[in-house]
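Below, each chain spelled out in residue letters.
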Amino acid sequence: MTIANDTVNAANGVHLLKRRSSHVDGFGTRAIHVGSEANPETGAVIPPISLSTTYRQDGVGNHKGFEYSRSGNPNRDALEATLASLESGGTYALAFSSGSATTATILQSAGPNAHVVSVNDVYGGTFRYLRRVASETQGLESTFVDLENADDEAILSSFRDNTKLIWIESPTNPTLRLIDIPRIVSLARSHASRPLVVVDNTFLSPFYQSPLLLGADIVVHSLTKYINGHSDVVMGAAILPSHHAQLAEKLRFLQNAHGAVPSPYDSWLAQRGAKTLHLRMKAHGINALKVAQLLQSSPYVEDVIYPGLSTHPRNEIAYRSLSPHAKKFVDKLRSAVDADGNSLESEGGFPYGGMVSFRIKGGAVEANKFLTTMRLFTLAESLGGVESLAELPAQMTHGSIPEAERALLGIGDNLIRLSVGVEEADDLVRDVEEALEAAVGGDGKQVNELH
Ligand SMILES: Cc1ncc(COP(=O)(O)O)c(C=O)c1O
């Protein structure tokens with residue numbers, strides 16, 4: 001295939017047109033059915049894996065929608081249709097070979113000598129790309145702003161004439177700061193440079209948060225996390241609303257030109273994972289709330305960060321930011337009463353994703369003991385899989401951030417991040433309880449000796 005053909009392919013929007021999908025059905029129904037229609041030739045209910053790199057043409061340019069697998073293939077197409085449907089308000093979806101490749105492509109689309117305003121607590125890989133790649137290769141400048149706490153004036157003063165993008169993550173990693181997305185969207189709209197608002201929605205997944213419905217222009221996901229959900233695929237995606245056809249086309253062109261595309265097999269796996277996203281996210285949220293409540297009541301814990309806890313200072317924003325389907329789920333749970341007459345609300349919170357961070361009493365020694373004592377939580381990086389993981393951000397995921405900056409962000413040696421999985425909640429709670437006892441309470445050590 002020639003470059004000219006690639007360009008024509010993207011410009012014709014051959015694959016873009018297929019992104020249009022229905023939002024009529026409920027979230028779980030869309031997860032299972034959109035992009036997963038029975039194969040018209042064989043009747044196979046599950047899409048076959050199409051490994052062919054090239055597709056026969058009946059005459060030059062006369063094909064069935066696919067020419068060369070980098071430009072498009074049935075499995076990536078099917079996954080993209082699922083993603084466009086799951087990210088409420090989305091029309092166009094583009095899958096990439098990682099979340100990082102997605103980020104790089106979007107930042108590159110800003111063009112030369114542009115300026116980006118980013119949340120200061122952004123994912124380390126995004127920070128690295130902004131500061132060490134985009135700055136050198138496309139002269140892109142970036143300003144990091146505390147988009148959670150800065151007032152409107154301070155945020156607006158960070159915008160320049162050439163500000164093309166505002167980059168948001170909410171909640172942030174690992175301190176789960178919440179950005180009021182509609183507020184940032186309205187500030188962006190009020191500024192002459194009209195920057196686009198990009199939201200990395202990896203931590204909450206399309207189940208808990210729908211940034212496009214809150215006015216965002218692009219949603220980014222590391223599919224590696226919740227959407228695939230089984231810790232066996234590295235992949236990313238960008239999703240855009242219907243009024244961004246041109247931008248979607250530009251990203252489609254770059255997707256093909258860079259070639260950072262996922263394989264058909266990985267696309268198939270991620271689509272299979274996405275079919276249970278709604279079930280997994282509900283279970284992650286319920287389990288995480290229970291673990292957060294246990295941590296909150298533990299004498300061995302300094303503080304717990306889980307925006308779903310009613311004691312979290314931005315709990316009200318967390319509730320407001322819930323997607324319509326998550327709100328329905330949360331409201332139903334809140335009104336439900338158990339056999340003892342206790343409602344979830346009276347227990348002090350609601351499910352809000354599966355990530356919980358906390359500061360253990362003591363320091364690196366206690367944190368390390370806790371992490372190595374756990375039986376069910378595996379000490380490992382990453383998040384969003386069905387199995388529970390735990391890590392020490394200061395030495396693992398955020399180890400490359402200078403200590404002084406880490407301190408400013410609240411990432412000390414005793415901050416532990418949990419990715420709460422979907423095992424039985426009671427087992428996870430017991431695991432955390434026993435590891436805390438062993439790390440802080442054990443060996444005859446008195447808690448108050450530590451402070
Ligand atoms: C919030 C967030 N965005 C993007 C990425 C990058 O995704 P990937 O590892 O799939 O490149 C990560 C990875 O940890 C992440 O946590």
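Values in this document were obtained by computation on a predicted structure and should not be read as measured data.

So, on to the overall build of the protein. Counting its regular elements, the protein contains 16 helices and 12 strands. In terms of C-alpha radius of gyration, the protein reaches 22 Å, essentially the compact-globule figure of 22 Å for 451 residues. Long-range contacts, defined here as pairs at least 24 residues apart, represent 74% of the contacts in the protein between residues at least 6 apart. Surface accessibility of the protein: about 18500 Å² in total, with carbon and sulfur atoms responsible for 53%. Positive and negative side-chain charges in the protein, numbering 39 and 50 respectively, have mean positions lying 6 Å apart.

As a further point, take the UniProt feature "modified residue: N6-(pyridoxal phosphate)lysine" (unreviewed entry) in the protein. Under the feature "modified residue: N6-(pyridoxal phosphate)lysine" (unreviewed entry), the UniProt entry names Lys225. Position of Lys225 among the secondary structure elements: in the loop between β6 (218-222) and β7 (236-240). Not counting residues up to four positions away in its chain, the partners in contact with Lys225 are Thr202, Ser382, Leu383 and Gly384. A distance of 3.1 Å separates the side chain of Lys225 from the side chain of Ser222, its partner in a polar contact.

Our next topic: the pairing of strand β1 (residues 92-96). With 5 of 5 residues buried, β1 lies mostly within the body of the structure. With 5 bridges connecting them, β1 and β7 associate as antiparallel partners. Considered in β7, the bridge of Leu94 is made with Ala238.

A cluster of nonpolar side chains, Ile49, Leu51 and Tyr265, forms an exposed patch at the surface whose accessible area comes to about 310 Å². When you line up the elements, Ile49 lands in the loop between α2 (27-33) and α3 (74-86). For Ile49, a relative accessible area of 35% translates into the label partly exposed.

This paragraph deals with unusual backbone geometry. In this model, Ser170 is joined to Pro171 through a cis peptide bond whose omega is 0°. Inspection of the secondary structure puts Pro171 in the loop between β4 (163-169) and α7 (181-190). Non-glycine residue Ser382 carries a positive phi angle of around 75°. Positionally, Ser382 belongs in the loop between β10 (378-379) and β11 (389-391).

Another aspect to go through is the packing of helix α4 (residues 99-109) against helix α9 (residues 245-258). The geometry of α4 relative to α9 is characterised by a closest axis approach of 10 Å and an angle of 120° between their N-to-C directions. In terms of orientation, α4 lies oblique with respect to α9. As for the relative orientation of α4 and α9, their crossing is right-handed in sense. Seen from α4, the contacting residues are Thr105, Ile106, Gln108 and Ser109; seen from α9, they are Lys250, Leu251, Leu254, Gln255 and His258. Of the residues that constitute the contact of α4 with α9, the class distribution is 3 nonpolar, 5 polar and 1 charged.

What the 5 strands build is an open sheet, ordered β8-β9-β12-β11-β10; its pairing is mixed. Each of the sheet's edge strands pairs with one partner strand only, and the pair in question is β8 (301-305) and β10. Note that β8 and strand β9 (residues 355-360) share 4 bridges and pair antiparallel. By the bridge assignment for β9, Val304 is matched with Phe358.

Moving on, we get to the site of the ligand. Near the ligand, the surroundings consist of Ser98, Gly99, Ser100, Tyr123, Glu169, Asp200, Thr202, Ser222, Thr224, Lys225 and Met235. Taking 390 Å² as the accessible area of the ligand by itself, protein coverage stands at 89%.

What follows concerns the sheet that holds β7. Taking strand neighbours across the sheet as the criterion, the 7 strands line up as β1-β7-β6-β5-β4-β2-β3 in an open arrangement whose pairing is mixed. Sheet topology places β1 and β3 (141-145) at the edges, where each strand pairs with a single neighbour. Neighbouring strand axes in the sheet, compared pairwise and without regard to direction, differ in orientation by 20° on average. Across 5 bridges, β4 lies against strand β5 (residues 196-200) in parallel orientation. Within β5, the residue paired with Ile168 across the bridge is Val199. Lying over the sheet, α3 contacts β1 and β7, oriented at roughly 130° with respect to β1. The sheet contacts of helix α5 (residues 124-137) involve β2 (115-119), β3 and β4, and relative to β3 the element is tilted by about 140°.

Analysis parameters
Residues numbered from 1 in each chain as written. Predicted model: local features only at pLDDT ≥ 70, side-chain atom pairs only at ≥ 80, totals over all residues. Heavy atoms only, no water. Helix = DSSP H or I, 4+ residues; strand = E, 2+ residues; numbered from the N terminus. Rg over C-alpha atoms; globule rule 2.2 N^0.38 Å. Contact = heavy atoms within 4.5 Å. Areas by Shrake-Rupley, 256 points an atom, 1.4 Å probe, with all protein chains shown as cover. Lys, Arg positive; Asp, Glu negative; His and termini not counted. Charge placed at Lys NZ, Arg CZ, Asp CG, Glu CD. UniProt positions renumbered as here; feature names shortened; annotations may be inferred. Polar contact = N/O pair within 3.5 Å; in protein donor to acceptor, adjacent residues only side chain to side chain. Buried < 20%, exposed > 50% of the residue type's maximum accessible area, 1.4 Å probe, protein only. Pairing = 2+ DSSP bridges. Patch = residues over 30% accessible without salt bridge, like charges linked within 9 Å, V, L, I, M, F, W, Y side chains within 5 Å. Salt bridge = Lys/Arg side-chain N within 4 Å of Asp/Glu carboxyl O. Axes fitted to C-alpha atoms, helices over the stretch in contact; angles between N-to-C directions. Parallel < 35°, antiparallel > 145°, perpendicular 65-115°, else oblique. Left-handed = near helix turned anticlockwise from the far one by under 90°. Nonpolar A, V, L, I, M, F, W, Y, C, P; charged D, E, K, R; others polar. Near = heavy atom within 4 Å.

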